Amino acid sequence: MDWEPIWLSLRLSLITTVILLVIGLPVAYWLSRKSSIPKLILEAIITMPLVLPPSVLGFYLLITFSPQNALGRWLQETLDVQLVFSFGGLIMASVIYSLPFMINPIKSALVQLPDSMAEASYTMGKSKKQTLIHILIPNIKSSILTAAVLTFAHTLGEFGVVLMIGGNIPGVTKVASIAIYDSVERMDYASANNYSLILFALTFVIVLTVFIVNRNSVKSPLE
Amino acid sequence: MIEIAIKKKIKTYNGFDLLDVKSNFASRGITQVLGNSGAGKTTLLKILAGLLLPEEGYIRVDNETWLDTKANICLSPQKRQTGFVFQDYALFPNMTAEEHLRYGSVDEEYINELFRIGRLEKFKRHKPRQLSGGQQQRLAILRSVSTKPRILLMDEPFSALDNDLKGAIISDLKQLIRRLEMTCLVVTHQPFREGEFADFSFRVD
């Protein structure tokens, strides 16, 4: 069995999760403060990948970043960056596709904290940043873990978006889910079964870990 | 002296009420704030702390303007550095009792003194969930004075304490407030007895 697609999937999931942790925390914090029309619009956009068919998102990303179109051409000619049919493109698409899985649980957890907790910190002279680091984040650790794990697991199982923007290039964009599809296409059910079993086991272990780690902190470990 | 003149709409179950306060509070004194439920006592404290903004008005503390809606001046809660005891305690679940006080002060001697005042010496390493309601309330009081604030705002701070403990803590806390020359406003449903804690009374209607 070729292990390359599995490693590629794990690398993609890890990089996507790290990027989304860095982006997701400040965005979720901002969204959790008083709501406004621009925030509601941004929230709707962030939630879109949850309900949109992955192929739709993949199609628009493919069109947008294709070198035949303005943005894609500019990226290639100015920055020498080609996002379609590349690993970089997979990361970009995965970040967009998994945004709600990172941001929504963190935002919900922040909203559920009583306002007085942050207010107590402010009256003690602590800035918003100090309050976020010392008070808010430590008290939503379980939700951050849940968000990170969901993002990782969701990226691991991506198919539609990845196929649209990355295609099926061995060692570059052929991740595990594509390898399963490719094996079935070639009627190689044994390989498809191997990849599927590994993905199944990985995902099960990840979700079980969240349940074990969060068993005492929330009503449902995936909340 | 705290000079305050504010107007703030407060939501009630049948619409809005207007909190209209115009008064002076003596510096370095303890004032009990009385009033019916929903009169706006907590709102008044939060406005003083900078956690809520009134529609109009001003707050001056010893001739320093903290708020003036006409002049567009509004000091942040961080700059006002009031001590605040929240009705729901607002403790930090991730911190031990000791860490709560260290978050406000680095003076170990002072922190130990506070633990003595709160009778919580044995609970320094406990997190809020490991404390009883009364212990949590005492920790909230200690945290509020850990920064040695100029103004101490307390919202029903002794409601979960039994009478003996309440008497002892009130006595020690009053001494601390006097020594650190704090100005204290304390919201209470149950008015203090003469000379028990408060020097002055103010009613919010």
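Just so we're clear, the structure is a prediction, and the values are computed from it rather than from any experiment.

J.: Could you give me a rundown of the overall build of chain B, with the residues and numbers involved?
T.: A count of helices and strands for chain B gives 6 helices and 10 strands. Taken over the C-alpha trace, chain B has a radius of gyration of 17 Å; the compact-globule value for 205 residues is 17 Å, and the two agree within 12%. In terms of principal-axis extent, the alpha carbons of chain B reach across some 50 × 35 × 30 Å. Taking all 205 residues of chain B together, the buried fraction comes to 40%. If you take every contact in chain B between residues at least 6 apart in sequence, the share linking residues at least 24 apart comes to 71%.

J.: Pulling in residues and values, what's your account of the overall build of chain A?
T.: What chain A contains, in helices and strands, is 11 helices and 0 strands. Its helices and strands in sequence order give chain A the pattern α-α-α-α-α-α-α-α-α-α-α, from N to C terminus. Viewed in the frame of its principal axes, chain A has a C-alpha envelope of about 65 × 45 × 25 Å. Sequence separation of at least 24 residues holds for 72% of the intrachain contacts in chain A that already meet a minimum separation of 6.

J.: Please set out the confidence of the model for chain B residue by residue, giving values where relevant.
T.: Residues and elements named next belong to chain B. Predicted confidence across chain B gives a mean pLDDT of 92, with 100% of residues reaching 70 or more. Strand 2 (residues 15-25) is the least confidently modelled element of chain B, averaging 88 in pLDDT, while helix 3 (residues 97-102) averages 97, the highest of any element. Per the prediction output, this complex has pTM 0.86; the corresponding ipTM is 0.93.

J.: Please give an account of the interface of chain B and chain A that cites residues and values.
T.: In this assembly, 17 residues from chain B lie in contact with 14 residues from chain A. Looking at the side of chain B that touches chain A, the elements that each hand over two or more residues are helix 2 (77-80) and strand 7 (83-85) of chain B. Residues that form the side of chain B that touches chain A fall into these classes: 9 nonpolar, 7 polar and 1 charged.

J.: Could you give an account of the confidence of the model for chain A, with specific residues and numbers?
T.: Residues of chain A with pLDDT of at least 70 account for 96%, and the chain-wide mean is 90. Under a pLDDT of 50 for its full length, residues 219-223 of chain A has, in the predicted model, 8 contacts with residues more than four places off or in other chains.

J.: I'd like a description of helix 6 (residues 163-179) of chain B, backed by residues and values.
T.: Residue and element names in this part refer to chain B. With 17 residues, helix 6 should cover 24 Å at 1.5 Å per step; its first-to-last C-alpha distance of 24 Å lies within 8% of that length. What helix 6 keeps buried is the set Ile169, Leu173 and Ile177. Along the axis of helix 6, the buried residues cluster in a sector spanning 75 degrees; they form a single face. The outward face of helix 6, more than 90 degrees from its buried face, is lined by the exposed residues Asp164, Ser171, Gln175 and Arg179. Where helix 6 is buried, its residues touch strand 3 (30-35), helix 4 (108-117), helix 5 (133-146), strand 8 (151-155) and strand 9 (183-187). Following helix 6 by one or two positions, Glu181 has its phi on the positive side, about 55 degrees.

J.: Can you lay out the packing of helix 8 (residues 141-156) of chain A against helix 11 (residues 189-213) of chain A for me, pointing to particular residues and giving the numbers?
T.: Residue and element names in this part refer to chain A. Packing of helix 8 against helix 11 brings their axes to within 10 Å, and their N-to-C directions diverge by 170 degrees. Taken together, helix 8 and helix 11 sit at an angle that is classed as roughly antiparallel. Between helix 8, through Leu145, Thr146, Val149, Phe152, Ala153 and Leu156, and helix 11, the contact on the second element is made entirely by Leu199, Leu202, Thr203, Ile206, Val207, Val210 and Val213. Taken together, the residues that form the contact of helix 8 with helix 11 break down as 11 nonpolar, 2 polar and no charged.

J.: For the nonpolar core, give the residues involved together with the corresponding values.
T.: Ranked by internal contacts, the top residues of the largest apolar core, which has 101 residues, are Ile106(A), Ile165(A), Leu48(B) and Leu153(B). It is helix 5 (residues 87-112) of chain A that provides the largest number of residues to this core, a total of 11 residues. Discounting residues that sit within four places of it in the chain, Ile165(A) has contacts with Gly58(A), Leu61(A), Leu62(A), Val84(A), Gly89(A), Leu90(A) and Ala93(A).

J.: An account of the environment of Ala39(B) is requested, with residue identities and associated values reported.
T.: Tracing the backbone through its elements, the reader meets Ala39(B) in the loop between strand 3 and helix 1 (41-49). Residues Ala39(B) and Asp205(B) lie 166 residues apart in sequence; the distance between their C-alpha atoms is 5.6 Å.

J.: Just give me the short version of the sheet that holds strand 3 of chain B, but keep the residues and values in it.
T.: Residue and element names in this part refer to chain B. The 5 strands lie next to each other as 7-8-9-3-10, forming an open sheet whose pairing is parallel. Since the sheet does not close on itself, it has two edges, and those belong to strand 7 and strand 10 (200-204), each with one partner. Each strand of the sheet is rotated relative to its neighbour by a mean of 15 degrees, with strand direction disregarded. Against the sheet, helix 1 engages strand 3, strand 7, strand 8, strand 9 and strand 10, with an angle of about 155 degrees to strand 8.

J.: Pulling in residues and values, what's your account of helix 2 (residues 37-51) of chain A?
T.: Along its 15 residues, helix 2 of chain A runs 21 Å from first to last C-alpha, staying within 8% of the 21 Å computed at 1.5 Å per residue. Ile45(A) marks the point of greatest bend in helix 2 of chain A, at about 25 degrees, and the proline Pro49(A) comes within the next four residues.

J.: Let's hear about the packing of helix 5 of chain A against helix 8 of chain A: which residues, and what values?
T.: All names here are of chain A. It is at 8 Å that the axes of helix 5 and helix 8 come closest, and there the two elements cross at 160 degrees. The angle between helix 5 and helix 8 falls in the class roughly antiparallel. As helix 5 packs across helix 8, the resulting crossing turns out to be right-handed. Each of Ser94, Ser98, Phe101, Met102, Pro105, Ile106 and Ala109 in helix 5 lies in contact with helix 8, whose residues at this interface are Ser143, Ile144, Thr146, Ala147, Leu150, Thr151, His154 and Thr155. The residue inventory of the contact of helix 5 with helix 8, partitioned by class, reads 8 nonpolar, 7 polar and no charged.

J.: Run through the pairing of strand 9 of chain B, naming residues and quoting values.
T.: All names here are of chain B. Judged by how many residues are buried, strand 9 sits mostly within the fold: 5 of 5 residues are covered. Both faces of strand 9 are covered, namely the face carrying Thr183, Leu185 and Val187 and the face carrying Cys184 and Val186. Where strand 3 meets strand 9, 4 bridges bridge the pair, whose relative direction is parallel. Within the sheet, the bridge partner assigned to Thr31 lies in strand 9 and is Leu185. Taken together, the 5 bridges between strand 8 and strand 9 define a ladder with parallel strand orientation.

Quick notes on the rules
- Residues numbered from 1 in each chain as written.
- Chains lettered and ligands numbered in written order.
- Predicted model: local features only at pLDDT ≥ 70, side-chain atom pairs only at ≥ 80, totals over all residues.
- Helix = DSSP H or I, 4+ residues; strand = E, 2+ residues; numbered from the N terminus.
- Rg over C-alpha atoms; globule rule 2.2 N^0.38 Å.
- Buried ≥ 20, exposed ≤ 12 C-beta atoms within 10 Å, placed from the backbone.
- Contact = placed C-beta atoms within 7 Å.
- pLDDT = per-residue confidence, 0-100.
- Nonpolar A, V, L, I, M, F, W, Y, C, P; charged D, E, K, R; others polar.
- Expected span 1.5 Å × (residues − 1).
- Arc of directions from axis to C-beta.
- Axes fitted to C-alpha atoms, helices over the stretch in contact; angles between N-to-C directions.
- Parallel < 35°, antiparallel > 145°, perpendicular 65-115°, else oblique.
- Core = buried A, V, L, I, M, F, W, Y, C linked by C-beta atoms within 7 Å.
- Pairing = 2+ DSSP bridges.
- Bend = angle between axes of the 7 residues up to and from the residue.
- Left-handed = near helix turned anticlockwise from the far one by under 90°.

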